[in-house]
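Examining the three-dimensional arrangement
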Amino acid sequence: MLPNEIALNLINEYIVKFKNKQDFENNSLENLKEELINKLINNNMLIKTEDGTYTMISEDSQEMMHSKIGALREGVEKFVIPSNLENEELPKILDLCSGMGYNSIASLRYNKNCKIDMVEYSKETLFLSLCLDIPFKEHEIIKEVIENHLMSDENNNNNNTKNKNINIYEGDARQILIDLKKSNKKYNIVFHDGFSPQRDSVLYTVDFLKNIYELMEDGGILLSYSSSIPFRSGLIEAGFIISEGEAIGRKRGITIAYKNPKKIRSSNDSLENKKLKRISEIDERVIALSTVGAPYRDPNFNLCHEEIIKNREIERNNLKENLLKKGIYYSTRQIKLGKIPEIYLEIQKENLNSTEIIKKMRNMLQ
Ligand SMILES: C[S@@+](CC[C@H](N)C(=O)[O-])C[C@H]1O[C@@H](n2cnc3c(N)ncnc32)[C@H](O)[C@@H]1O
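This section reports on the structure supplied with the text. Everything numeric in this text was worked out from a predicted model, so none of it was measured. (Residues numbered from 1 in each chain as written. Predicted model: local features only at pLDDT ≥ 70, side-chain atom pairs only at ≥ 80, totals over all residues. Heavy atoms only, no water.)

**Considerations on the overall build of the protein**
Check the secondary structure of the protein and you find 14 helices and nine strands. A globule of 366 residues ought to have a C-alpha radius of gyration of about 21 Å, and the protein, at 22 Å, matches this closely. Principal axes of the C-alpha set define a box for the protein whose edges measure 75 × 45 × 40 Å. Taking all 366 residues of the protein together, the buried fraction comes to 55%. A sequence separation of at least 24 residues applies to 66% of the contacts in the protein between residues at least 6 apart. (Helix = DSSP H or I, 4+ residues; strand = E, 2+ residues; numbered from the N terminus. Rg over C-alpha atoms; globule rule 2.2 N^0.38 Å. Buried < 20%, exposed > 50% of the residue type's maximum accessible area, 1.4 Å probe, protein only. Contact = heavy atoms within 4.5 Å.)

**Brief notes about the packing of aromatic side chains**
Applying the stated rule across the entire model yields five aromatic pairs. Consider the rings of phenylalanine 18 and phenylalanine 127, whose centres lie 5.2 Å apart with planes at 75 degrees: the pair is edge-to-face. In this pair, phenylalanine 18 sits in helix α1 (residues 5-19) while phenylalanine 127 sits in helix α5 (residues 123-131), placing the two residues 109 residues apart along the sequence. Here the basic side chain of arginine 109 rests over the ring of phenylalanine 136, its NZ or CZ set 4.2 Å away from the ring centre. Here the basic side chain of lysine 259 rests over the ring of tyrosine 213, its NZ or CZ set 4.6 Å away from the ring centre. (Phe/Tyr/Trp six-rings, centres within 6.5 Å; stacked < 30°, edge-to-face > 60°. Lys NZ or Arg CZ within 6 Å of the ring centre and 35° of its normal.)

This is how it looks when you write it as structure tokens:
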């Protein structure tokens, strides 16, 4: 899913004008940006959030690019602070669905040593960042990288700016991750900031998450605002150890997932003894025992959201039939209420993290 099409078309008109900027004086360029922002605001396509920064509407009018608590605040509180990048010697960040760059800007604010690879489908969203006033001075760094990227040849994903620490990869994240793997890139922090899996599951499939996993170093951390059950289930299948972060502007906490958290992440941040906050006991049971725990799949990276959802429904039905045959099918309601054999509930009392509990419960279903 992309931002609203009418908004993207309008922004595109301004990209063309911007590219012909030789014809303009500097102040007319500023007027041009202001004109675009005003048009988007007046057409309710660009919305001010509670921290004063702006978000854009998506193709689905129900979903904005950010929550109303603040586009920049989300970057700081849902991604940067929980990643602990402030204390990382060398944060190597993969900023998936980087949009206007709020998460990258916030990262640089907290640690100027960040190396960042931004991945974004829509050049219009990147361009919009050039027209916004985002109140961290690090916005200037990101703006320079975006401007250089947009002014270079079409589809040229090489960084031709003076800033060698930040790259922009424009295109479908599914393909870009395959390319990044070929170039042996490794990250210790991944921001996963796609639209919600309920409306766009393509970046939440086991297959996509496996590619992220392969691109990460041991001890690396992935953050997502989404607490979706099939997403968390997919993370476990892809190899991650999942945990939950604070709930910010929502009822449910963010998802924090680690690759091999026992390995030491950096000299001053050993995860060895870190207690991973468990997801709720209800969610553990639903992921492990209910058909709701069936993850999204896209083995050849060519399915659209609707196909992924349809295939998941088939997988859920097959799973149900299988469990019924074995006489160990429990409805999601029973599972949520804990009306299941005590042996499953006992596992949840053991001193294990959520991933270990889910895997142990699932083994009993085999
Ligand atoms: C929720 S917004 C992310 C906001 C962003 N992090 C920011 O700071 O502004 C989702 C973004 O994902 C992008 N997107 C959607 N599908 C994508 C895909 N397959 N590959 C790369 N980017 C995608 C959209 O264009 C949109 O900018």
